[in-house]
Amino acid sequence: MSLEDEFTDVIAKAMRGLGIDVPGLSEASGIAVGEIETLLGGQMKEFTARAISPALGLDAEALVALPRYLPEPIAIPGIRRIELPFGKWTVNAWEVLHDGIHILFDAGTGERDILEKISPQGLDALLITHAHPDHIGGVVALAAAGVKVISETEALTTGNLSFGSLELEAVDLSGHCTPATGYFINGLERQLFVAGDAIFAGSMGGCKTREAHDLAGRTLRAAFSKAKPGCIILPGHGPATTISEELIGNPFHPRFA
Ligand SMILES: [Fe+2]
């Protein structure tokens, strides 16, 4: 099991989100261009990483520790991470089975990939976090099989959704993608938070503009303010984690803490 992003991805995402290039980062941090390029090339230089972190809004200690960071493995009965192909990477769909209720979050990239992993029979609903192609590829096939599809916009408009003993609360997670919706799931032994690409263990989904990057931090902070202690994050890529672990181990945490 490995994280979705390496420290070089985190730095590149922070630079892109802030619209800062290597010369700009050099000027802001006082670190030579060549040193920053070495770091971006994959060689962890702790002094350099610490020195550039403030200008990137990153937590320096978390960035330096990221190559060794992995959240505690989480196993909850009825919750399954379905890892689906996405080019040379993978993307998650999350299955929740509880008290006869069967719901799915996101649908992978390929039109039929998800159908190789899950039967649409008895599936109460497919809920979408955001409409990037790696999350909605299977929507048409599942809808054609009779599955009720709830889009991110519909969920957000509705707010609270009930499935048997499960109570879902949809929250705005715009930023990486707008619109985007996160789902708190209450009624299990621990609260779950299906986050799409708003946050990963040790990283966040990339943003193309400064405005989107700022929005991503604000919406995630607002969402986390509603979380219960022990809340588990089920992200769109990479392993499950918890809010409490991300508030320490995620280099982006100053943006959402
Ligand atoms: Fe995405």
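Given the structure is predicted, the values throughout are model-derived calculations rather than measurements. (Residues numbered from 1 in each chain as written. Predicted model: local features only at pLDDT ≥ 70, side-chain atom pairs only at ≥ 80, totals over all residues. Heavy atoms only, no water.)

Another point: the coordination of the iron ion. With distances of 2.2 to 2.3 Å, the protein atoms coordinating the iron ion are His130 (NE2), His132 (ND1), His176 (NE2) and Asp197 (OD). Coordination at the iron ion is irregular: its four donor atoms span angles of 87 to 174° at the metal. Expressed as a motif, the donor residue spacing for the iron ion is H-x1-H-x43-H-x20-D. Of the two residues, His176 sits in the loop between β7 (166-172) and β8 (181-186) while Asp197 sits in the loop between β9 (192-196) and α9 (210-224), which places them 21 residues apart along the sequence. (Donors = N, O, S within 2.8 Å, 3.2 Å for Na, K, Ca; no water. Tetrahedral: all angles 85-135°; square planar, octahedral: opposite > 155°, others 65-115°. Helix = DSSP H or I, 4+ residues; strand = E, 2+ residues; numbered from the N terminus.)

Here we come to the sheet that holds β9. Strand order in the open sheet made by the six strands is β6-β7-β8-β9-β10-β11, with mixed pairing throughout. Where the open sheet ends on each side, the last strands, each with one partner, are β6 (160-163) and β11 (241-242). For β6 and β7, the ladder comprises four bridges, and the chain directions are antiparallel. The partner of Asn160 across the bridge, within β7, is Glu169. Along the sheet, α9 makes contact with β7, β8, β9 and β10 (232-235), crossing β9 at roughly 170°. (Pairing = 2+ DSSP bridges. Contact = heavy atoms within 4.5 Å. Axes fitted to C-alpha atoms, helices over the stretch in contact; angles between N-to-C directions.)

With 42 residues, the main nonpolar core has Ile11, Ile52, Leu56, Leu173, Phe193, Leu220 and Phe224 as its most contacted residues. Of all elements in the fold, only α1 (7-18), α2 (22-29), α3 (33-40), α4 (46-56), α5 (60-65), β9 and α9 reach the threshold of two or more residues within this core. Ranked by residue count, the leading element in this core is α1, at six residues. Residues in contact with Phe193, not counting those within four places in the same chain, are Val171, Leu173, Gly182, Tyr183, Phe184, Leu220, Ala223, Phe224, Cys231, Ile232, Ile233 and Leu234. (Core = buried A, V, L, I, M, F, W, Y, C linked by side-chain atoms within 4.5 Å. Buried < 20%, exposed > 50% of the residue type's maximum accessible area, 1.4 Å probe, protein only.)

Before going further, it helps to spend a moment on the pairing of β9. Within β9, five of the five residues are buried, which leaves it mostly tucked inside the rest of the structure. Pairing analysis gives three bridges linking β8 to β9, with the strands arranged antiparallel. Considered in β9, the bridge of Ile185 is made with Leu192. Hairpin connection of β8 to β9: five residues between the antiparallel strands, including Gly187 at a positive phi of 120°. Read from β9 through α9 to β10, the crossover connection turns out right-handed. (Right-handed = clockwise from strand over helix to strand, strands pointing away.)

Here the chain is described as being made up of domain 1 (7-68) and domain 2 (79-256). Measuring from the centre of the C-alpha atoms in domain 1 to the corresponding centre in domain 2 gives 29 Å. Across the contact, 12 residues belong to domain 1 and 19 residues belong to domain 2. Here domain 1 meets domain 2 over a buried area of about 1,200 Å², counting both sides, of which 61% is carbon and sulfur. Counting the contacts that link domain 1 with domain 2 gives zero salt bridges. Taken together, the links from domain 1 to domain 2 amount to four residue pairs in polar contact (both at pLDDT 80 or more). (Domains from an automatic or database assignment. Buried area = accessible area lost by both parts, 1.4 Å probe. Salt bridge = Lys/Arg side-chain N within 4 Å of Asp/Glu carboxyl O. Polar contact = N/O pair within 3.5 Å; in protein donor to acceptor, adjacent residues only side chain to side chain.)

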